[in-house]
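Architecture and fold: a report
Chain by chain, the residues run as shown.
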Amino acid sequence: MTTICIFCGSSMGTHPVYQKAAKAVADFFVKHNIRLVYGGARVGLMKILADTLLENNKEVIGIMPGLLVDKEVAHEGITRLIQVDSMAQRKEKMVEMSDGFIALPGGFGTFDELSEVLIYNQLRIMDKPVGILNTDGYFNAMLDFFDHSVREGFVRAEHRDNLLVSENIEELFRMMQKYNPVSMGKWLEDIKTEAGEK
Ligand code: AMP
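As a starting point, this report considers the structure included with it. (Residues numbered from 1 in each chain as written. Predicted model: local features only at pLDDT ≥ 70, side-chain atom pairs only at ≥ 80, totals over all residues. Heavy atoms only, no water.)

Before going further, it helps to spend a moment on the site of the ligand. By nearness alone, 18 residues border the ligand, and Ser 10, Gly 107, Gly 109, Thr 110 and Glu 113 come closest of all. The contact in question runs from an oxygen atom of the ligand to an N or O atom on the backbone of Gly 109, over 2.8 Å. Bound to the protein, the ligand loses 86% of the 480 Å² it would expose on its own. Of all the secondary structure elements, the ones that give two or more residues to the shell around the ligand are helix H4 (87-97) and helix H5 (108-122). At four residues, H5 tops the list of elements feeding residues into the shell around the ligand. (Near = heavy atom within 4 Å. Polar contact = N/O pair within 3.5 Å; in protein donor to acceptor, adjacent residues only side chain to side chain. Areas by Shrake-Rupley, 256 points an atom, 1.4 Å probe, with all protein chains shown as cover. Helix = DSSP H or I, 4+ residues; strand = E, 2+ residues; numbered from the N terminus.)

Right, here's the structure in full:
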């Protein structure tokens, strides 16, 4: 069975389009029998995802640091709630348990998790697809900044291109199934040369 980790808002967003997108992703998971790993909360877009899967008797695994469990935002109805000691441990566990990652609209928590898995791929700590569901162009400004970073020589084009983006979950999932890791050899040589090494 495929296990996908979703990063998404602990808020609902100001426009119903975001909630609709979270529901569409959950419906897709139900249809294709995909197991969900997520932050474990019962708030925001996370709640919509978890509730939809649970209503359809699908597996939902939440991973949450104790500090958030104590704040009573944990979803008590999920299949399994894994409690960890820190935010860093949570991300490690998410990486360990999942075959791929999708970011839906969200805030700093979502950006942090997305950056973490992108750098894991870049350093080949893992080789797993990372996608953005770009609902209503929510991530356009961030993607423009990533392109700026490529032009300014801080992000390599192949790493930027390996971040998969679509507004449509079916298309995004198809792209993720064809994921190809970027080889580290040339990139490491280039940054060494840039630093003046022969
Ligand atoms: P944000 O995008 O800032 O709303 O944060 C959501 C993301 O960060 C989720 O993917 C969660 O894994 C994590 N997160 C942030 N806040 C919470 C919360 N209150 N409960 C559970 N997870 C959270």
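Anyway, onward from the coordinates.
The next point concerns H5. An α-helical segment advances 3.6 residues per turn. Residues three or four places apart therefore align on the same side. With 15 residues, H5 extends 21 Å between its outermost C-alpha atoms, agreeing within 8% with the 21 Å of an ideal straight helix rising 1.5 Å per residue. Three or more residues of H5 are buried, namely Thr 110, Glu 113, Leu 114, Glu 116, Val 117, Tyr 120 and Asn 121. Burial along H5 is one-sided: seen end-on, the buried residues are contained in an arc of 155°. On the buried face of H5, the contacting elements are strand E1 (3-7), H4, strand E5 (100-103), strand E6 (130-133), helix H6 (140-151) and strand E7 (163-166). One or two steps after H5, the chain reaches Arg 124, where phi turns positive at roughly 55°. (Expected span 1.5 Å × (residues − 1). Buried < 20%, exposed > 50% of the residue type's maximum accessible area, 1.4 Å probe, protein only. Arc of directions from axis to C-beta. Contact = heavy atoms within 4.5 Å.)

On to the sheet that holds strand E4 (residues 80-84), then. Taking strand neighbours across the sheet as the criterion, the seven strands line up as E4-E3-E2-E1-E5-E6-E7 in an open arrangement whose pairing is parallel. Both edges of this open sheet fall to E4 and E7, since each of them pairs with a single strand only. Across the sheet, the mean angle separating the axes of adjacent strands is 25° when strand polarity is ignored. Bridging between E6 and E7 involves four bridges; their strand directions are parallel. Looking across to E7, one finds that Val 130 is bridged to Leu 163. Contacting E1, strand E2 (35-38) and strand E3 (60-65), helix H2 (residues 44-55) crosses the sheet at an angle of about 155° to E2. Sheet strands in contact with H5 are E1, E5, E6 and E7, and its direction is about 150° off that of E6. (Pairing = 2+ DSSP bridges. Axes fitted to C-alpha atoms, helices over the stretch in contact; angles between N-to-C directions.)

All right, on to unusual backbone geometry then. Within the chain, Asn 33 stands out as a residue other than glycine whose phi angle is a positive 55°. Mapping Asn 33 onto the fold places it in the loop between helix H1 (16-31) and E2. The residue Arg 124 is not glycine, and still its phi comes out positive at about 55°. Counting through the fold element by element, Arg 124 comes out in the loop between H5 and E6. The exposure class of Arg 124 is partly exposed, given its relative accessible area of 33%.

A few words now on H4. Those residues of H4 not exposed but buried are Arg 90, Lys 91, Met 94 and Val 95. End-on view of H4: buried residues confined to an arc of 135°, all on one side of the axis.

Relative to the elements of secondary structure, Ile 63 occurs in strand E3. Distance in space between the C-alpha atoms of Ile 63 and Lys 198 is 45 Å, their sequence separation being 135 residues. Setting aside residues no more than four positions away along its own chain, Ile 63 makes contact with Val 37, Tyr 38, Gly 39, Gly 40, Ile 82, Val 84, Arg 90, Lys 93, Met 94 and Met 97.

Our next topic: the pairing of E3. Here E3 lies mainly inside the structure; six of its six residues are buried. Of the two faces of E3, the one lined by Val 60, Gly 62 and Met 64 and the one lined by Ile 61, Ile 63 and Pro 65 are each fully buried. As paired elements, E2 and E3 share three bridges and run parallel to each other. Among the inter-strand pairings, Tyr 38 is bridged to a residue of E3, identified as Gly 62. Regarding the hand of the β-α-β motif, the stretch spanning E2, H2 and E3 is right-handed. For E3 and E4, the ladder comprises five bridges, and the chain directions are parallel. Bridging from a neighbouring strand, Pro 65 pairs with Val 84 of E4. (Right-handed = clockwise from strand over helix to strand, strands pointing away.)

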